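Coordinate analysis (summary)
So the chains spell out like this:
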Amino acid sequence: MRIGVLTSGGDAPGMNAAVRAVVRTCAFYKIDCLAILKGYQGLIEDNTKQMNPRSVNNIINKGGTVLKSARCLEFRTKEGRQKAFENIKKNKIQALVVIGGDGSFTGAMIFQSEFNIPIIGIPGTIDNDIYGTSHTIGYDTALNTVIDAIDKIRDTAISHNRLFFVEVMGRDAGHLALNTGIGAGAEEILIPEENMGLNRLLESLERSEKSGKSSSIVVIAEGGKTGKNVFEIAEYVEKNMPHYEVRVSVLGHIQRGGSPSCFDRVLASRMGVYAVESLLKGKSNVMVGIKEDDMILTSLDKAIKGKSEINKNLIRVSDILSI
Ligand code: F6P
């Protein structure tokens, strides 16, 4: 048997650990493993690399993805997928392991339905926005990166008595914002799932000022519901509370990089082993996930369409603790 493995979409710390696990599990079961470079783009361009256990030496601790990644527009077209399938046949690939997020899984599902090639997904994204797993690869590392950054911002915020608006990633999901907001002791947290309204934000900041706080941190997910971006929100607050010295910090892509946390390395290793073993058991069109510390499978369809709900109780916790 010959399995192809690729990383696709936004990279996430721990993807390398997953690649390593897939390659070595293949070797363990004496299956051939071919890496496809640059995600679906590499499938279309026939950009591949033969793997063996030594090809993945010294990558478990590395951020990014050694296989490279891309958001491939051509794979969204029938012609692109046809080219990809020609290369699948040419390389005698009998099954694919796709490490990526929901966009990558959507492509995988369409490809599977058109050409009937067995596919298993491994969720890798810092957003943690995939149904069927409590954690995606990269999320834990990103949480720690964000916390580290906000702790540093807090130092300067206190020194200058400033109000900081910190934007974290998450176009459609507030997991990262909500958890780092609580972990870093933010005054308020704005997430895409809830519209708190800007008035509530003002009221809250006024309350905290009255209670004696001289500096504050507000964490905002990039995909907030207010209809305003972080700079516009900061401007709005500054206009309404002119005595406040306001600063904005957009953490950006540093959240996607860095050496993966131990949690992400273990998660990625377990998912890689489970993905190959599931393929060997004849499973296809499913995604590997973790639930209460057990590996589980969810259909790709459900993984994409299902909603990865935020824990609403965390909003209450944040409200209570920002008194
Ligand atoms: O999906 C992961 C993610 O980092 C999102 O949080 C963010 O909105 C997006 O990718 C950024 O994508 P890109 O790196 O392509 O600009």
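Reading guide: rules and limits
- Residues numbered from 1 in each chain as written.
- Predicted model: local features only at pLDDT ≥ 70, side-chain atom pairs only at ≥ 80, totals over all residues.
- Heavy atoms only, no water.
- Near = heavy atom within 4 Å.
- Polar contact = N/O pair within 3.5 Å; in protein donor to acceptor, adjacent residues only side chain to side chain.
- Areas by Shrake-Rupley, 256 points an atom, 1.4 Å probe, with all protein chains shown as cover.
- 1 Å grid on protein atoms, 1.4 Å probe; cavity = no way out; pocket = protein on both sides within 12 Å on 5 of 7 lines; lining within 4 Å.
- Sits in = over half its atoms within 2 Å of the grid points.
- Nonpolar A, V, L, I, M, F, W, Y, C, P; charged D, E, K, R; others polar.
- Domains from an automatic or database assignment.
- Phe/Tyr/Trp six-rings, centres within 6.5 Å; stacked < 30°, edge-to-face > 60°.
- Buried < 20%, exposed > 50% of the residue type's maximum accessible area, 1.4 Å probe, protein only.
- Helix = DSSP H or I, 4+ residues; strand = E, 2+ residues; numbered from the N terminus.
- Points joined across faces, edges and corners; volume = space filled by probe spheres on them.
- Pairing = 2+ DSSP bridges.
- Axes fitted to C-alpha atoms, helices over the stretch in contact; angles between N-to-C directions.
- Parallel < 35°, antiparallel > 145°, perpendicular 65-115°, else oblique.
- Left-handed = near helix turned anticlockwise from the far one by under 90°.
- Contact = heavy atoms within 4.5 Å.
- Buried area = accessible area lost by both parts, 1.4 Å probe.

1. Things to note about the site of the ligand
- What surrounds the ligand is the set R71, T125, D127, M169, G170, R171, E222, H253 and R256.
- Here an oxygen atom of the ligand and a backbone polar atom of G170 are 3.3 Å apart.
- Here E222 contributes a side-chain N or O atom positioned 2.4 Å from an oxygen atom of the ligand.
- The protein chains hide 77% of the 400 Å² of surface that the ligand would expose on its own.
- Applying the majority rule of atoms within 2 Å of the grid points places the ligand in the largest pocket.
- When the residues that make up the shell around the ligand are grouped by side-chain class, the tally is 1 nonpolar, 3 polar and 5 charged.
- No fewer than three residues from each of domain 1 (2-138 + 260-305) and domain 2 (141-256) sit in the shell around the ligand.

2. Concerning the packing of aromatic side chains
- Throughout the structure, instances matching the rule amount to 5 aromatic pairs.
- Plain terms: the ring middles of F28 and Y29 are 5.0 Å apart, the flat faces sit at 80° to each other, and that makes the pair edge-to-face.
- Judged by relative accessible area, Y29 falls into the partly exposed class, the value being 36%.
- Between Y40 and F75, the aromatic rings sit 3.9 Å apart at their centres with planes inclined by 0°, giving stacked as the arrangement. Note that Y40 is positioned in helix 2 (residues 39-44) and F75 in the loop between strand 3 (48-51) and helix 3 (78-90), a separation of 35 residues in sequence.
- On the basis of relative accessibility, which here comes to 4%, the residue Y40 falls in the buried class.
- Residue classification places F75 among the buried residues on the basis of a relative accessible area of 3%.

3. Things to note about unusual backbone geometry
- At K68, a residue that is not glycine, the phi angle is positive and equals roughly 65°.
- Counting through the fold element by element, K68 comes out in the loop between strand 3 and helix 3.
- K68 gets classed as exposed once you look at its relative accessible area, which sits at 53%.

4. Describing the layout of surface pockets
- Taken as a whole, the largest pocket holds about 640 Å³ of empty space.
- Counted by class, the lining of the largest pocket contains 7 nonpolar, 12 polar and 11 charged residues.
- Both domain 1 (2-138 + 260-305) and domain 2 (141-256) contribute no fewer than three residues apiece to the lining of the largest pocket.
- Reported here for the second largest pocket is a volume of approximately 230 Å³.
- Among the elements that line the lining of the second largest pocket, the one with the most residues is helix 6 (residues 175-183), at 3 residues.
- In terms of residue class, the lining of the second largest pocket is built from 6 nonpolar, 8 polar and 2 charged.

5. Considerations on the pairing of strand 6 (residues 162-168)
- Most of strand 6 is tucked away: 7 of the 7 residues are buried.
- Burial along strand 6 is two-sided: R162, F164, V166 and V168 facing one way and L163, F165 and E167 facing the other are all buried.
- The pairing of strand 6 with strand 9 (residues 245-250) spans 6 bridges and is parallel. Its bridge partner lying in strand 9, V166 is registered against S249.
- Strand direction decides the pairing type here: strand 6 and strand 8 (residues 216-221), joined by 6 bridges, are parallel. By the bridge assignment for strand 8, F164 is matched with I217.

6. Structural notes on the packing of helix 6 against helix 11 (residues 313-321)
- The geometry of helix 6 relative to helix 11 is characterised by a closest axis approach of 10 Å and an angle of 30° between their N-to-C directions. Relative to helix 11, the element helix 6 is oriented roughly parallel. Considering the relative orientation of helix 6 and helix 11, their crossing is left-handed. For the pair helix 6 and helix 11, contact is made by L178, N179 and I182 and by L314, I315, V317 and S318, respectively.
- Classifying every residue of the contact of helix 6 with helix 11 by side-chain character gives 5 nonpolar, 2 polar and no charged.

7. A few points about the domain arrangement of the protein chain
- Partitioning the protein chain into domains gives domain 1 (2-138 + 260-305) and domain 2 (141-256).
- A C-alpha centroid distance of 34 Å is found between domain 1 and domain 2.
- With 13 residues of domain 1 at the interface, the matching set in domain 2 holds 11 residues.
- Summing the contributions of domain 1 and of domain 2, the shared interface buries around 940 Å²; its carbon and sulfur component is 48%.

8. Thoughts on the packing of helix 5 (residues 139-160) against helix 6
- Between helix 5 and helix 6, the least distance of the axes is 9 Å, while the angle of their chain directions is 45°. Comparing the axis directions of helix 5 and helix 6 gives the class oblique. Considering how the two elements wind past one another, helix 5 and helix 6 form a crossing that is right-handed. Across the interface between the two elements, Y139, A142, L143, V146 and I147 from helix 5 touch H175, L176, N179, T180 and G183 from helix 6.
- A class-by-class count of the residues in the contact of helix 5 with helix 6 yields 6 nonpolar, 4 polar and no charged.

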